[in-house]
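Next come the chains, spelled out residue by residue.
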Amino acid sequence: MTTSLASHDIAEMIRGATSEVFQTMLNLSLESLPSHEEPDLPEPFDGVVSMVGIGGTWIGTGRISSPPELACKLAEAMLLTPCSAINAEVLDASAEIANMIIGNVKTMLEEKLGPLALSVPTVIFGRNYRTHCSGMDNWTVVPFRTEGMKMDISFCLKPARSAVYSHANHRLETVHSF
Amino acid sequence: MSLDVLIVDDSAAIRKILHRVLMQAEVPLGKVHEANDGMEALEKLKGEKVGLILSDINMPNMDGIELLGKLKADAALKSVPILMVTTEGSHARVMQALELGANGYVRKPFTAEQIKEKLTGIL
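Conventions we followed
Per chain, residues are indexed from 1 in the order of the written sequence. Going through the entries in the order they are written, you letter the chains from A and number the ligands from 1. Whole-chain, interface and lining totals are the exception, using all residues; otherwise, since this is a predicted model, local features are given only for residues with pLDDT of at least 70 and side-chain atom pairs are given and counted only at 80 or more. Between any two strands, pairing holds if DSSP finds at least two bridges. Secondary structure elements are taken from DSSP: a helix is a run of H or I of four residues or more, a strand is a run of E of two residues or more, and numbering for both begins at the N terminus. Helix axes are fitted only over the stretch in contact, all axes being lines through C-alpha atoms; the angle between N-to-C directions runs from 0 to 180 degrees. Residues are defined as contacting one another if the C-beta atoms placed from their backbone atoms lie within 7 Å. Only Asp, Glu, Lys and Arg are considered charged in this grouping, and only Ala, Val, Leu, Ile, Met, Phe, Trp, Tyr, Cys and Pro are considered nonpolar; every other residue, Gly among them, is considered polar. Partly exposed residues are those whose C-beta has more than 12 but fewer than 20 other C-beta atoms within 10 Å; 20 or more makes a residue buried and 12 or fewer makes it exposed, with C-beta atoms placed from the backbone.

With that out of the way, let us pick up the pairing of strand β3 (residues 45–56) of chain A. All names here are of chain A. Here β3 runs beside strand β6 (residues 122–129); their pairing, made up of six bridges, is antiparallel. In the strand pairing of β6, Ser50 is matched with Val123. The pairing of β3 with strand β4 (residues 58–66) spans seven bridges and is antiparallel. Bridge pairing in β4 places Ile54 opposite Gly60. Hairpin connection between β3 and β4: a loop of one residue separates the two successive antiparallel strands. As defined by bridge partners, β3 adjoins strand β5 (residues 116–118) across three bridges and the pair is classed as antiparallel. Residue Gly56 lies in a different strand from β5, and its bridge partner there is Leu116.

The next thing to look at is the sheet that holds strand β5 (residues 104–107) of chain B. Residues and elements named next belong to chain B. Taken together, the five strands give an open sheet; going across it, the order is β2-β1-β3-β4-β5, and neighbouring strands pair in parallel fashion. Pairing within the sheet leaves two strands with one partner each, and these edge strands are β2 (29–35) and β5. Averaged over neighbouring strand pairs, the angle between their axes works out to 20 degrees when direction is ignored. In terms of strand pairing, strand β1 (residues 3–8) meets strand β3 (residues 52–55) through four bridges, oriented parallel. Bridging across to β3, Leu6 finds its partner in Ile53. With respect to the sheet, helix α2 (residues 38–47) is in contact with β1 and β2, its orientation differing from that of β1 by roughly 155 degrees. Sitting on the sheet, helix α3 (residues 64–72) touches β1, β3 and β4 (82–86), and the angle it makes with β4 is about 175 degrees.

The partner chain B presents 16 residues to the 19 residues of chain A that form the contact. A per-element tally of the side of chain A that touches chain B places helix α3 (residues 88–113) of chain A first, with 10 residues. Here the residues of the side of chain A that touches chain B are counted per class, giving 10 nonpolar, five polar and four charged.

Once that is clear, we can look at the pairing of strand β8 (residues 149–159) of chain A. Residue and element names in this part refer to chain A. Of all 11 residues making up β8, eight are buried, and the element is well covered by its neighbours. Taken together, the eight bridges between β4 and β8 define a ladder with antiparallel strand orientation. In the sheet register, Gly60 faces β8, and the bridge partner there is Leu157. Note: strand β7 (residues 139–146) against β8, seven bridges, orientation antiparallel. Paired with Phe144 across the two strands is Met151, which belongs to β8. Here β7 folds back onto β8 in antiparallel fashion, the turn holding two residues, of which Glu147 has a positive phi close to 55 degrees.

Following this line, the structure appears as structure tokens:
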């Protein structure tokens, strides 16, 4: 099992998982933009944020941020029904899209990190709010453009404290590089 | 003879998509029942007889693996074909489901054709 993961590796996993979901479930074209890293506490945001947690020997969060108009477009594409405003169906579709994308990133990560667990998705919709994940201080952000709008998929991952102790006991050095 | 189906998934969006795929598939579809999780599925199965179950794995209250174990331990339900449709890609979890008696497995995201192909093999 590896003890380090580079940000560009995570970005590639996000691109692969997102592309597959857009091709199979949404039938929408998708343009991937250059990825970057950013600290926790992103700028205040208006729109829909869907988050899924990762647990196990590594812990983290995957987060999808999109404007409300795009969340509606994605729900329309997924459910094949008109969605003109944010409602329970749109939020549920947003949750499931996050579940599939982050879940498939998790599956790719398991090849390097061993078994991981996935939380149920949380979806937030509002204006002028920030999200914060405790202990997560360095995010890999992959922007995408689809339907003429931009969405960000961000991921933060670090070894669980118990895993660091366990590695230390076995005189293994854990390198955490993003 | 029509085929009644139970779809078990905590996502209403996925239940809706699977319902649509079933209507397009070449199966003599009867009633389609839905449940949010394994617990609700077992409740529904007390009053309804189904010929096929499509179930997610990762769900609150009772996950798909526990549901599968309970179905296979029930003499009245153990022969109902079960297709797992899930984001769970962990080899160990998939093998666990198949060893417990799941008849097939489709990973999300899926195409309608993948579901239809599996159904053809199961039914």
